[in-house]
Amino acid sequence: MNNSDSRVNPRQLGTPRGGSYAAVPTSGDRKNLNKPTRGRKKSIFEAYMSKEDVSAGLKRGELIQGPLRINPKKYHEAFIPSPDGTRDIFIDGVVARNRALNGDIVVVKLLPKDQWKVIKPDGSDKETEVTHESDVPEDMLGTCIPQEAAKGDAKSPDVIIEAQFDDNDAEHGQDHLQDMLSDDIKKLSPDTSEKGKAAGISGMHRTKQDDGPKVNDPRLLPDEFLQRTAKVVYILEKKHSRAATGFIKLLADRNSELFKRCAMFSPVDHRVPRVYVPLADCPPDFVTRPEGYSQKLFICRIVDWKEDSNFATGQLCKSLGQAGEIEPETEGILTEYGVDFSDFSPEALECLPQNLPWVISPEELAKRRDLRKECIFTIDPSTARDLDDALSCKQLPDGNLEVGVHIADVSYFVLEETELDKVASERATSVYLVQKVIPMLPRLLCEELCSLNPMQDRLTFSVMWKLTPEGKILDEWFGRTVICSCVKLSYEHAQIMIESPGKVLSPEELPPVSPQHSIAEIQEAVLNLHRIAQNLRKQRFADGALHLDQMKLSFTLDQESGMPQSCYVYQYRDSNRLVEEFMLLANMAVAHRIYHFFPEQAFLRRHPPPQTKLLKDLMDFCNQVGLDIDFSSAGTLQKSLNEIFGVDKYSRARKEVLTYMFSRPMQMALYFCTGVVKDETLFRHYALNVPFYTHFTSPIRRYADIIVHRLLSASLGASSPIKMEKEDIQRQADHCNDRKMASKRVQELSGDLFFSIFVRECGPLESEAMVMGVLSKAFDVLVLKFGIQKRIYCNALPLLDFRFQKVGKKPELTLMWEPEELEEESVHQVITIFTLVEVVLTADSGSLKYSALLKRPSLEK
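Residues numbered from 1 in each chain as written. Predicted model: local features only at pLDDT ≥ 70, side-chain atom pairs only at ≥ 80, totals over all residues. Heavy atoms only, no water.

A tally of regular secondary structure across the chain gives 21 helices and 34 strands. Expressed as a percentage of the 861 residues in the chain, the buried residues total 59%. Residue pairs at least 24 apart in sequence account for 71% of intrachain contacts in the chain once pairs closer than 6 positions are excluded. As displayed, the chain has an accessible area near 35,800 Å², and 50% of this comes from carbon and sulfur atoms. (Helix = DSSP H or I, 4+ residues; strand = E, 2+ residues; numbered from the N terminus. Buried < 20%, exposed > 50% of the residue type's maximum accessible area, 1.4 Å probe, protein only. Contact = heavy atoms within 4.5 Å. Areas by Shrake-Rupley, 256 points an atom, 1.4 Å probe, with all protein chains shown as cover.)

Structure, rendered in structure tokens:
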């Protein structure tokens, strides 16, 4: 292959659909782009360092490792966390990223100080660092996923929150490929001009009035104005799946040899490179009829990316179908994030009980405490089918109460080191989409043998407490049990009981109830649990817990077509909180026990404190807008949130905006093995403000809980100690963390897909929104009706002009609207943080993306 074949001119190719990048050479390379190289291909990327050099460099502190995060709004910008918790390290451009993809664990080398990024002190363009893809911590957040697919998360305290990430923004204001790539090369100037930032003015020239640094050389600036920059020298672990969905097109140069052999694959995800794929992988009539495939989605897997090529090479794996349709788009999302949605293998299914219907043997019954006659019930979303947990509450003669949390004994069926165990450990979690669930375990277990279905004997692990009516724990018991749930309540049923304690419910108002228990008995148990939960919750927050309750978008789907019919923000109510409190209590109790018995092997969950730099930025922001927030601990932050807001519409909206902002510095909660993390102070859970926490309550959908069950069983002497060494447990913990993050992202993308389709089918949609960030030429809003964040661009509005300025320290945009009638005056609209505006969401033509536009204010305003 000669040189002209191997490097396609970016100008010829143009910017593909989805805007995926090609690599660009350094400034020195650019000079030689058009010079013949006599058969020798010029390297675009640096060769990776050797493993030995990397290891030595990390030990000496000359190199830094961390997970790569590519900005989805500006895909030529990437970051890794700074080990000291200060400002992220900046990786500027595709060349510096050196073929690493989003999520990869990379090793970087810092560039000389004269190449560090100068930070604009005016804050007019600060979106780069806060663009976290899914970095919303979980154990501190509201738990509200009412759809059937997301049953487990509807009450677990470790919730997946819909961030409604929107990469439509990457399409806006993108320069052509060559212009964008030239930014990859040029040094960032320390411009901070606030003058001339109206429409069409770049603001790149200083004026004497500027209060920022007046020098161009970063070496002469204090560190507070600088962000360290680095280049990738090695990929330690390829966390990205190397799979992408996108579109195929013919190469531009029809006369090249490459045209006869390859097509160009353009990923939808802008952070993935374009890929050469063999024409042999493409449909037979693609070359003669390429236009027939312009809207067909394909899956491509990257195989290689050479140092001398702008583009990766890969294989076309599968045609998914028409872009914009739910199932092809969903399959693409699952494949990109490495979710195994294949059928379970015959070897795995052989591990299940073969003689059906399955019944509990007398031998197994003899080993367990028999609770089948107790009043035990489940509370779940009405459509849930995988029922992990049940509750009981019995009045004792001394006035105290016996409360039980009963969790499906999945480890009885999933034995260590079997084929089924191997599959479950690899999947690590069930994945909840809007329309369905990808289960971690075969449905025979998920929905039947392990699910705590009413009027059926089931094996469980139970944690039982003797509690005062105020929720003070007097005694605690752990054990293996057998239960028979007397009714499957929905959250709605439990809520009715809580809201109308005097109401006598008729059998028609409830699902079937076991004849052994009366409705009144069940209702009394629910009310007692509710009262205790209220006291437990009050005490938790008095002890310093934090709960950031973000809005969660839910959908109702057409039963036949599966299309979204409506969407709404789910209301998290007392019935949800009731279940949450007892799941938290059980998780904490089990964490203490397994750590006490197995200090080297306990599988726990920690939540690190917020990132220092992002927290400082948030504190500065609150000071700028006059908010008195105490960030010294999780508890003081919660107290501040509770105290500063009223109950009127404006106050509630402002609280929603701040809740989103407060989530930005928060880190993800992580599974870990106690024998590997030596410092016990690092075990703490920041949001819950407790020393030990784990996941015990959802073993049907989380592999972490199965390991915890095995540890608990061993602590009770019911089984042999776990076979895994502490290093193996940590590896599994790391894998569970990775799969949890991928699952969380997939759920967000599924929600975004359905909302995009809803806007396309039912839009335009109007809503109030509140401004949550102001940039020089755009502003971000939280759309209050749907709980989504969107960016509104000034150049997309019918404006005569717009002006950005700082009022004190507060950023402000003034929009000057074009008059609708000739004789009318221009309406001026001031946009600043917490401004309430009216927006319209409209579908973009020919894609699943949608835009937010500002409604023109009335003349009276």
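Let's shift gears to the side chain of Asn-400. For Asn-400, the location among the structural elements is in the loop between strand 16 (389–395) and strand 17 (401–408). Apart from residues lying up to four places away in sequence, Asn-400 is in contact with Lys-394, Gln-395, Lys-466, Leu-467, Thr-468, Pro-469 and Leu-474.

It is worth spelling out the sheet that holds strand 30 (residues 799–807) at this point. Strand order across the open sheet formed by three strands is 30-31-32, with antiparallel pairing between neighbours. Sheet topology places strand 30 and strand 32 (828–832) at the edges, where each strand pairs with a single neighbour. The sheet shows a mean angle of 20 degrees between the axes of neighbouring strands, taken without regard to direction. As judged from the five bridges shared by strand 31 (residues 810–817) and strand 32, these two strands associate in the antiparallel manner. Bridged to Leu-813 within strand 32 is Ile-831. (Pairing = 2+ DSSP bridges. Axes fitted to C-alpha atoms, helices over the stretch in contact; angles between N-to-C directions.)

Here the residue pair Leu-356 and Pro-357 is connected by a cis peptide bond, since its omega of 0 degrees sits within 30 degrees of zero. Counting through the fold element by element, Pro-357 comes out in the loop between helix 10 (346–349) and helix 11 (362–366). Going from Gly-763 to Pro-764, the amide bond is cis rather than trans, its omega being 0 degrees. You can see Pro-764 is positioned in the loop between helix 21 (726–762) and strand 27 (765–774). Although it is not a glycine, Ala-428 sits at a positive phi angle of roughly 70 degrees. By the secondary structure assignment, Ala-428 is in the loop between helix 12 (419–427) and strand 18 (431–432).

This brings us to the nonpolar core. Core analysis: the biggest nonpolar cluster contains 98 residues, and Phe-377, Leu-391, Leu-578, Phe-582 and Phe-603 have the highest contact counts within it. When residues in this core are grouped by element, the largest group, eleven residues, is from helix 16 (residues 574–597). Residues in contact with Phe-603, not counting those within four places in the same chain, are Ile-594, Tyr-671, Phe-672, Thr-694, Ala-704, Ile-707, Val-708, Leu-711, Ile-729, Ala-733 and Cys-736. Formed by 78 residues, the second largest nonpolar core is a distinct cluster that contains Val-625, Tyr-660, Ile-833 and Leu-854. (Core = buried A, V, L, I, M, F, W, Y, C linked by side-chain atoms within 4.5 Å.)

Ordered in space as 14-21-20-17-16-15-22, the seven strands form an open sheet in which the pairing is mixed. Because the sheet does not close on itself, it has two edges, and the strands there are strand 14 (369–370) and strand 22 (488–490). Judged from the three bridges that link them, strand 15 (residues 376–380) and strand 22 form a sheet pairing that is parallel. Paired with Thr-378 across the two strands is Lys-488, which belongs to strand 22. Each of strand 15 and strand 22 is contacted by helix 14 (residues 491–499), which is oriented at about 75 degrees to strand 22, the strand it contacts most. Helix 15 (residues 519–542) contacts strand 15, strand 16, strand 17, strand 20 (457–467) and strand 22 of the sheet and is inclined by roughly 95 degrees relative to strand 16.

Take the environment of Phe-541 next. Within the secondary structure, Phe-541 sits in helix 15. When its relative accessible area of 23% is taken as the criterion, Phe-541 is described as partly exposed. C-alpha of Phe-541 to C-alpha of Thr-636: the two residues are 95 residues apart in sequence and 9.8 Å apart in space. With near-sequence residues (within four places) excluded, Phe-541 lies in contact with Leu-546, His-547 and Gln-638.

For the structure shown, the criterion picks out 47 salt bridges. Notably, a salt bridge pairs Arg-372 with Asp-457, separated by 2.9 Å at the nearest N-O pair. Of this pair, Arg-372 sits in the loop between strand 14 and strand 15 while Asp-457 sits in strand 20, and the two are 85 residues apart along the sequence. Where Lys-613 meets Asp-617, a salt bridge forms, and the shortest distance between an N and an O atom there is 2.4 Å. Taken together, the residues Lys-613 and Asp-617, both in helix 17 (residues 612–624) and four residues apart, mark about one turn of the helix. (Salt bridge = Lys/Arg side-chain N within 4 Å of Asp/Glu carboxyl O.)

The next thing to look at is the confidence of the model for the chain. Per-residue confidence for the chain gives a mean pLDDT of 85; residues scoring 70 or more make up 84%. Low pLDDT, under 50, characterises residues 1–39; the stretch is placed with 105 contacts to residues that sit more than four places away or in other chains. pLDDT under 50 marks residues 123–214. Its contacts with residues more than four places away, or in other chains, come to 300 contacts. (pLDDT = per-residue confidence, 0-100.)

Turning our attention to helix 16. In an α-helix, one full turn covers 3.6 residues, which means residues spaced three or four apart are oriented alike. The terminal C-alpha atoms of helix 16 lie 35 Å apart, and with 24 residues this matches the ideal 34 Å at 1.5 Å per residue to within 8%. Burial runs high along helix 16: 19 of the 24 residues are buried. (Expected span 1.5 Å × (residues − 1).)

A few words on the environment of Phe-804. Position of Phe-804 relative to the elements: it lies in strand 30. By relative accessible area, Phe-804 is classed as buried at 1%. As for Phe-804 and Ala-778, which are separated by 26 residues in sequence, their C-alpha atoms are 9.5 Å apart.

The geometry of helix 12 relative to helix 21 is characterised by a closest axis approach of 8 Å and an angle of 55 degrees between their N-to-C directions. Here helix 12 lies oblique to helix 21, going by the angle between them. In this structure, helix 12 uses Ser-425, Glu-426 and Arg-427 to contact helix 21, whose residues at the interface are Gln-732, His-735 and Arg-739. For the contact of helix 12 with helix 21, a count of residues per class yields no nonpolar, three polar and three charged. (Parallel < 35°, antiparallel > 145°, perpendicular 65-115°, else oblique. Nonpolar A, V, L, I, M, F, W, Y, C, P; charged D, E, K, R; others polar.)

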